[in-house]
Amino acid sequence: MNLAQVLNGLALGALLMILSSGLALIYGLRGVMNFSHGALYMLGAYFAYEATNQGLSFWLALIVAPLGLAIVGAALELGFFRRLQRRSHIEVGLVTFGIALVINRVIVLIWGDDTHPVSAPKAVDGTTNVFGTDYPTYRLLIIVVALAMAAALVLWLRNSRVGLHIRAASHDTETSGILGINVDRVSLVVVCLGGALAGLAGTLAAPYFAVSPGMGQSILITVLIVVVVGGIGSVGGAMAAALLLGLVQIMGNVWLPSAAVLVPYALLIVVLLWRPTGIAGKRV
Amino acid sequence: MLRAKVSAALIALLVSGGLAACGSSDNSSSDASSGGSSTTSAAKSDGTPLKIGLIPPTSGALAVFGADEVKGWQVAVDQANAQGGVDGHKVELVKSSSDGQPATTIRAARKLATAQGAKYIGGIMTSPEQAALSKQLVALGALNFNSTGKDDGLIGADCSPNAFRSVTGSAMDVNAIAASLEKLPAQTWAIQAVDYSTGHSAAAAFTAAAKKAGKTVVLTQYAPLNTSDFGSYISKLKSAKADGLFAVEYGADGVAFVNQGAQFKLFDQYKTVLGFNMVSEPLFKTLGKKITGFYNNVGYDVDADNPFNQAFVADYKKANGVDPYYVPADTYMAAQILFAAVKKAGSVDPDKVKAAMAGLSLPDLSGQNVTVGPDGQAMRPSYVGQVVAKAGGPGGLGFKIVTTTPASVTHPSVDPACKS
Amino acid sequence: MSSVPTAVQTDDPTVVPKPDDGGRGMLDSRVSVGLQRRVVLRGLIVAAVVLVAGLFVPDLITSSYYMGVAADGVVLGIMAIGIGFLANRSGLISLGHTAFYGGSAYGLAIATTHWGWSPTSAALFAIVGGTLLAVAIGALVIRSTGFGFLMLTLAFGQALYAVSTLTSVRSVTGAFDGISVTYPSDSTTFLGLSQADLGQPDTFWPLAWICLVVVAFALWLVGRSRFGVTLEAIRENEERARFSGYNTYLPRLGAFAISGACASIAGVLFALKASYVSPDVLGFQLAGDSLIATIVGGFTILIGPAIGAVLYIYAQGKFGDTGNLELYMGLALIVAVIFLPGGVTGWVVEQLRRLRTLTAGRKEARRS
C-alpha cells in the first residue's frame, strides 16, 4: 500500500461519503431508506453533463446540478414523503424504489443509452505532486470537497438552530412537533439537502467515472451498505463507514483482486456480527 | 405425447392459416419492413416470403448497438428486395425486441418462430442470450444468425446446429492480435484485463504470443466486470516498468479506464497501447483525441477497396447518414450468408437452408470469399488497427488498418465439443 | 411445526389477533387449537378442483407465446407467493429471495451438468439446498426488521450474485457466461418429461401448475395452523408475544425458511424450463421484479403475488419492446403502494365485499 493507493481509497471513500451522508440524513428524519438516491446521483451526473454541454463551465455545473437536485428533492418531499408520512416507512421506501425506476428510464428517454464524457476543467486536469507521488489533481479535488462538505455539515448540524431542530426531529419526531418545531419545514430542508448532496456527488463523479445509465444502480447497493454499516440514520457513522469502505475496497483490489467484488458484503457481515447496530449505534 | 403432437399440429395450422385467432394482438409490436404484402397464407408457393425476426436489445447500455444491428439487416433487405427478393422470395423483417435478459429473448424468439412465422432469427446481442436460445433452436425449428455474440462457447460447448455466426469470435480476434504482436514497437508489456473469460483467455494468448516474439510480460492484473474506479489498478500499472500496455476493458469499464488513465497520465509512459475490444468507432466521440495512436482489434475495414464493400458503405450511408462500423457490417454479412444459403437451397425451408450452409461460399466485405465452418462460424479475417485523425470520422478519428489475419490462421480447427 | 412451544396459551386474551384478522377463522382454530378437519377438507377439495381445472389451460390457450407467458408467470409466481407469505405473516419485506431462487437454479444445473445426477435427484438436492441456504441466511438476518431486514436480505442476495460471477468459481458456475443444464443422457427424463418437453410451455405447464397449487395449498394450511397464528401474534407485537411466553425467533426463522423453500422450488422449475442458468437469476433486477410482482399483485391474499407475477410477465412481453418496461413497473409500484394498499387482488376483493354489503343493505332496506 503506497501513498497513491491510500489516496485512491480516500477518493473513493470521499464520493461515497457525500452520497451516504445525504441518505443517512433523510433516513434519520423521515425514517425512510430512499432507494431513489442512486437515481438522484445519476441525475446529478446527467445535469452536469447537460450543463457543460450547454457551454457552462464545470465549476458552474458544480453549483447548478446540486441546485437542480435540491428542487427534485423538494418535489419528492412535497409529493411523496409528506403526503405519506402516516403510512408505514417500508411502504414509502417501496415508493422510492418505484421512483428510482421511473427516473432511470426518464434519463434514458432524455439523454439516450450512450456513455457520455464530461471532462474535468483544465486547472485540475493534470497531476499534482503529493510527497513525491504524482497524483491526479481531480481526485485530490474530490477528497478536499468531500472533507470540506463533511466538516461544514457536522458544524451546521451541531451549532445552527436548524441543525438543532434536525437533530431533535430525527431523535423524536412527535415530541419535537409538540415542542413547536415545524417538522415539515425541517424535513423539507433535509430532503432538499439530501438531494443536493446526491447531485454534488453525481457532478463530481461525472469526470471521474463515465456518465452512463447504469451508474446509479451500481453505486446504490454500495451506499446502502455504507449506511447500514455506519448505523442506520447516523450521519457521522455513514461518513466514517464511507471512508472505511473506500480504504478497505482499495486494499482488497490490491491484495486480493480475485475477490475484490465481495469486499462491501464482507465488511457488512463482519460489522453486523461484531456490532449489530452499526459503527455509530443509534446516535444521530 | 399425443397432446404435444396435437398442439404442434394446431400451431402449424394457426401459422399457415393466417393467424386468425390472435393476429390482432400478436402483430401489434411487429411491422413488415417494406410495407409489402403481409399475407402469410399459401404455403410452398414460389412467392413465399423470407421472414426474418429480429430481437435487438432496446433498453440498457446495448440499445444503441441493437439499433445499429437493425440498420445492418435493413440495408441488406432493402438491397435484396430492390432486386426482386432473394431467389424470388420477398424478404420481410419482423421486429421484436428484448431487454437483454435471456428469458425475455427466448419468449420473443418463441413468439417469432411459432406465432409470427419467422423461422430465421437475428439481431440478438449478447452471448448469454445466444447461448440460451441455442438450447431452444432445434425445438423451435428456427435458425439463428448471430452477428454480435463473440463468446467462444457459442462455437464450442454451447453451439447448436441451427446457429450461425458472422462476427469473428473472441479467440479469433485474440489470435489476430497475437499474430500482429511482432509488428508493434513495445518490448516489455503490462496487461490490464477484465476478470471475465474474455479477459483471461486474451491475457493467456497474449502472454504466449509475447514469449514467442521474444517480448516479456511484467505485470498481469484483472479488474472485475463493471469496475468504475480504476485508480488502484492504474497506480499499480504506473509502478510497473513496461513500455507497452495491453488492455482488455470494454463498454463503460473501458471508458472509465481510458478516462482515468489519462487523468493519471498513464498512457504517456508507453510506446504502444494495445486495446482489445476497448476502443471502437461508437466510442470515439466519448473518448476523444486522447486515444489517438492506440492500437485495437478491428472487426471491419470501412475503407476496404472492393465494389461489394463500397456498395454497402454507399447504401448504408444513404440510409443512415453515417459510415457503417463493425456492428452493422457484421450484421450485413449475417444477412448475406442467409441469402446465399436460401439461394443455394432454392427454398425458405429452414432444414434445406441449414443443409445448404455446408460448402457455401460468398463474397465478404473484406474482398475475400467467406465460407461457413461446420461449427457455424463464418471464416472472416480479423484486423488490428491504429486510431488516427480522420476528417469526417466520429470525433474526428478513424482506424488505419495495420495488420490483416485470415480466418485460416485465427480459427484453424473446430472445437471438438461442437459436433456439427 | 416443532418450533412452536407447547406452552402456547392460545386463549390468552393478550395474544388474540385483532378482530380484523378474523376472516381466517381464527376463532374456530382458537377453540380447537390448530386446524379444523372440516375446514382443511374444504380447502383440499377447492385445491383439487383448481388443480384439475388448471391442467386444461393448454387446451384453452393455443398460442405458444401466451402459453409461455403463463408458464413463466407461474414460475415467478411461486417465488412471489413465498415473498408475499413472509410479508403477510411476518411483516418482513425481502429483496433477497433471488439467493434461494438462483441458488437452487444453480444447484440443479451444477448437479446435472457437473456431477451427472439425474434431473429428479438434482431437483430434490436443489430444493433442499435452497431451503437450507434460507435457514442459514435467515438465522443471521431474521432478528432485524423493516429496512434493516430488507437491506440485509438484499446484501446477501447480491453477495451471492458476486460470488457466482467470480473467476475462481468459473469452472463451476461459468461466471457471467452462465451454465447450460445438460442431462446425463438424452433419454433421461424428469418425472417422465424429456428436456425438450420441459422447454415447451404446454408440456411444461402441468408441472408448474401442480407445483403452484401444492405450494399455495401448503402455505394456506401453514397460515391456518397454530404456527400461523403464532406468527401473526409476533407480527402484531413482537415484544408482547415474547413476554407471553413465545419463542419469537424460531417461528420467524421458520416462516423465512418456508418462504425460501417456495423460491427454491421456483428456481428449480426455472432451471428445468430454460436449461440454462446465468447470474441474472441472482441479480438485483430479478429481486426488484419479484418484489414488484408481489406488491402489485397484493400479498394480503395468498395467491395475489402469483397474479402479480403473471401480470408482470405479460407486461414484460408487452412493453419490453419499447424499453419502457422499467418506467411502467415503477409507476405501477408507486400507484399500487399509494392507492391500492392490498394490490390488484386486494382491490378486487374489496370491491366484491363492498358490492356484497351494498346488495345486502338493499335487501335489508326492502325488507323493512
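Residues numbered from 1 in each chain as written. Chains lettered and ligands numbered in written order. Predicted model: local features only at pLDDT ≥ 70, side-chain atom pairs only at ≥ 80, totals over all residues.

*Asks:* I'm lost on the overall build of chain C in this one. Help?
*Replies:* When helices and strands are counted, chain C shows 17 helices and 2 strands. For chain C, with 368 residues in total, the buried portion stands at 55%. Here the analysis covers contacts within chain C between residues at least 6 apart in sequence; of these, 77% occur between residues at least 24 apart. (Helix = DSSP H or I, 4+ residues; strand = E, 2+ residues; numbered from the N terminus. Buried ≥ 20, exposed ≤ 12 C-beta atoms within 10 Å, placed from the backbone. Contact = placed C-beta atoms within 7 Å.)

*Asks:* Looking at this model, I keep getting lost on the overall build of chain B. Mind explaining?
*Replies:* Check the secondary structure of chain B and you find 14 helices and 14 strands. Residues counted as buried form 59% of the 420 residues belonging to chain B. Counting contacts in chain B only where the partners sit at least 6 residues apart, residues at least 24 apart contribute 69% of the total.

*Asks:* Is there a simple way to explain the pairing of strand 1 (residues 127-130) of chain A in this structure?
*Replies:* Look at any regular strand and the pattern is simple: side chains alternate between the two faces of the sheet. All names here are of chain A. In this sheet, strand 2 (residues 133-136) lies alongside strand 1 in antiparallel orientation, the contact comprising 4 bridges. When the bridges of strand 2 are listed, Thr-128 appears paired with Tyr-135. The loop that links strand 1 with its antiparallel partner strand 2 comprises 2 residues; one of these, Phe-131, has a positive phi angle of about 45 degrees. (Pairing = 2+ DSSP bridges.)

*Asks:* Please explain the interface of chain C and chain B as it appears in this structure.
*Replies:* As a measure of interface size, the accessible area lost when the parts come together is often cited. Taken together, the 32 residues of chain C in the interface contact 41 residues of chain B. Elements that contribute at least two residues to the side of chain C that touches chain B include exactly helix 4 (64-90), helix 9 (195-199), helix 10 (201-224), helix 15 (304-319) and helix 16 (325-339) of chain C. Take the side of chain C that touches chain B: its biggest share by element is 4 residues, from helix 4 of chain C. By residue class, the composition of the side of chain C that touches chain B is 8 nonpolar, 17 polar and 7 charged. (Nonpolar A, V, L, I, M, F, W, Y, C, P; charged D, E, K, R; others polar.)

*Asks:* How should the environment of Leu-157 of chain A be read in this particular structure?
*Replies:* Residue and element names in this part refer to chain A. Tracing the backbone shows Leu-157 in helix 5 (residues 137-159). The sequence separation of Leu-157 and Arg-167 amounts to 10 residues, and the corresponding C-alpha distance is 7.1 Å. Leu-157 has contacts with Gly-163, Ile-166, Arg-167 and Val-235, leaving out every residue within four places of it along the chain.

*Asks:* Explain the sheet that holds strand 7 (residues 216-223) of chain B to me, please; I cannot follow it from the model alone.
*Replies:* Strand pairing in a sheet takes place through backbone hydrogen bonds and is either antiparallel or parallel in direction. Residue and element names in this part refer to chain B. Taken together, 7 strands build an open sheet; the order of strands is 7-6-8-9-10-13-14 and the sheet is mixed. Only two strands of the sheet have a single neighbouring strand rather than two, namely strand 7 and strand 14 (397-405). On average, adjacent strands in this sheet sit at an angle of 25 degrees to one another, irrespective of strand direction. As paired elements, strand 6 (residues 188-194) and strand 8 (residues 244-248) share 5 bridges and run parallel to each other. Residue pairing in the sheet places Gln-192 in a bridge with Ala-247 of strand 8. Its contacts with the sheet place helix 7 (residues 197-212) against strand 6, strand 7 and strand 8, and it is angled at close to 165 degrees to strand 6. (Axes fitted to C-alpha atoms, helices over the stretch in contact; angles between N-to-C directions.)

*Asks:* Just to check I follow, could you spell out the confidence of the model for chain C for this structure?
*Replies:* The predicted structure's coordinates, where accompanied by low pLDDT, should not be read in detail. Residue and element names in this part refer to chain C. Scored by pLDDT, chain C has a mean of 86; 89% of the residues are at 70 or more. Residue range residues 1-33 is modelled with pLDDT below 50. Its contacts to residues more than four positions away, or to other chains, number 47 contacts. Across the predicted assembly, pTM comes out at 0.83 and ipTM at 0.90. (pLDDT = per-residue confidence, 0-100.)

*Asks:* What should I look at first to understand the interface of chain A and chain B in this one?
*Replies:* Tallying the contact residues gives 26 residues for chain A and 23 residues for chain B. Elements that contribute at least two residues to the side of chain A that touches chain B include exactly helix 1 (3-30), helix 5 and helix 10 (235-255) of chain A. Ranked by the residues each element gives to the side of chain A that touches chain B, the list is headed by helix 1 of chain A, at 5 residues. Among the residues making up the side of chain A that touches chain B, the classes are represented as 14 nonpolar, 9 polar and 3 charged.

*Asks:* How do you make sense of the packing of helix 5 (residues 98-113) of chain C against helix 6 (residues 119-141) of chain C when you look at a structure like this?
*Replies:* Residues and elements named next belong to chain C. Running from N to C, helix 5 and helix 6 point in directions that differ by 145 degrees, and their axes come no closer than 8 Å. Taken as a pair, helix 5 and helix 6 cross one another with a handedness that is right-handed. Facing helix 5, whose interface residues are Ala-99, Phe-100, Gly-103, Ser-104, Gly-107, Leu-108, Ala-111 and Thr-112, helix 6 presents Pro-119, Ala-122, Ala-123, Phe-125, Ala-126, Ile-127, Gly-129, Gly-130, Leu-133, Ala-134 and Ile-137. Counted by class, the contact of helix 5 with helix 6 contains 13 nonpolar, 6 polar and no charged residues. (Left-handed = near helix turned anticlockwise from the far one by under 90°.)

*Asks:* What is the right way to read the nonpolar core from this model?
*Replies:* Nonpolar side chains tend toward joint burial in soluble globular proteins. In terms of nonpolar packing, the biggest core is built from 355 residues, with Leu-15 and Leu-19 of chain A together with Ile-78, Leu-108 and Ala-266 of chain C touching the most fellow members. Excluding anything up to four places from it in sequence, Leu-15 of chain A contacts Ile-142, Ala-146, Ala-201, Leu-204 and Ala-205 of chain A. (Core = buried A, V, L, I, M, F, W, Y, C linked by C-beta atoms within 7 Å.)

*Asks:* Would you take a moment to explain the sheet that holds strand 1 (residues 50-54) of chain B for this structure?
*Replies:* Residues and elements named next belong to chain B. Strand order in the open sheet made by the 5 strands is 2-1-3-4-5, with parallel pairing throughout. Edge strands, defined here as strands with exactly one partner in the open sheet, are strand 2 (91-95) and strand 5 (163-165). Neighbour to neighbour, the strand axes of the sheet diverge by 25 degrees on average, direction disregarded. Pairing geometry for strand 1 and strand 3 (residues 120-122), over 3 bridges, is parallel. Bridge assignment links Gly-53 to a residue of strand 3, and that residue is Ile-121.

*Asks:* How should I be thinking about unusual backbone geometry in this particular structure?
*Replies:* Most peptide bonds take the trans form, and the phi angle of most residues other than glycine is negative. Of note in the backbone geometry, Asn-226 of chain B takes a positive phi value of approximately 70 degrees without being a glycine. Secondary-structure assignment places Asn-226 of chain B in the loop between strand 7 and helix 8 (231-239). Phi angles above zero are rare outside glycine, and Ser-275 of chain C is one such case at about 55 degrees. Inspection of the secondary structure assignment puts Ser-275 of chain C in the loop between helix 13 (249-274) and strand 2 (276-277).

*Asks:* I would appreciate a short explanation of helix 4 (residues 89-111) of chain A in the present structure.
*Replies:* Given 3.6 residues per helical turn, the α-helix brings residues three or four places apart onto the same face. When the terminal C-alpha atoms of helix 4 of chain A are compared, their 33 Å separation across 23 residues agrees well with the 33 Å that a helix rising 1.5 Å per residue should span. Positive phi shows up at Gly-112 of chain A, right after helix 4 of chain A, with a value of about 80 degrees. (Expected span 1.5 Å × (residues − 1).)

*Asks:* When you look at helix 7 of chain B in this model, what are you seeing that I'm missing?
*Replies:* Residues and elements named next belong to chain B. With 16 residues, helix 7 should reach 22 Å at 1.5 Å per residue; the first-to-last C-alpha distance of 23 Å fits that figure. Those residues of helix 7 that sit buried are Thr-198, Gly-199, Ala-202, Ala-203, Phe-206 and Ala-210. Down the axis of helix 7, the buried side of the element spans an arc of 120 degrees, and every buried residue falls inside it. Opposite the buried face of helix 7, by more than 90 degrees, sit the exposed residues Ala-208, Lys-211 and Lys-212. Lining the buried residues of helix 7 we find helix 6 (170-180), strand 6, strand 7 and strand 8. (Arc of directions from axis to C-beta.)

*Asks:* Sorry, what's going on with the packing of helix 5 of chain C against helix 7 (residues 146-164) of chain C here?
*Replies:* A pair of packed helices is characterised by two quantities: the angle between their axes and the separation of those axes. Residues and elements named next belong to chain C. Packing of helix 5 against helix 7 leaves a shortest axis separation of 8 Å and a crossing angle of 30 degrees. One way to sum up the angle between helix 5 and helix 7 is to call them roughly parallel. In this structure, helix 5 contributes Thr-98, Ala-99, Gly-102, Gly-103 and Tyr-106 to the contact, and helix 7 contributes Phe-156, Gly-157, Leu-160 and Ser-164. Residues belonging to the contact of helix 5 with helix 7 are distributed by class as follows: 4 nonpolar, 5 polar and no charged. (Parallel < 35°, antiparallel > 145°, perpendicular 65-115°, else oblique.)

*Asks:* What is the right way to read the environment of Leu-152 of chain C from this model?
*Replies:* All names here are of chain C. Looking at where Leu-152 falls in the secondary structure, it is placed in helix 7. As for Leu-152 and Arg-38, which are separated by 114 residues in sequence, their C-alpha atoms are 41 Å apart. Each residue touching Leu-152, except ones within four places of it in the same chain, is listed here: Val-141 and Ser-144.

*Asks:* Can you walk me through the pairing of strand 2 of chain B in this structure?
*Replies:* All names here are of chain B. In terms of burial, strand 2 is largely enclosed, as 5 of its 5 residues are buried. Judged by which residues are buried, strand 2 turns out to be covered on both faces: Val-91, Leu-93 and Lys-95 on one side and Glu-92 and Val-94 on the other are all buried. Bridging between strand 1 and strand 2 involves 5 bridges; their strand directions are parallel. Bridged to Ile-52 within strand 2 is Leu-93.

*Asks:* I keep staring at the environment of Ser-119 of chain A and nothing clicks. Help me out?
*Replies:* Residues and elements named next belong to chain A. Following the sequence through the fold, Ser-119 ends up in the loop between helix 4 and strand 1. Under the C-beta neighbour-count criterion, Ser-119 is labelled partly exposed, with 16 such atoms within 10 Å. For the pair formed by Ser-119 and Val-211, sequence separation is 92 residues and the distance between their alpha carbons is 11 Å.

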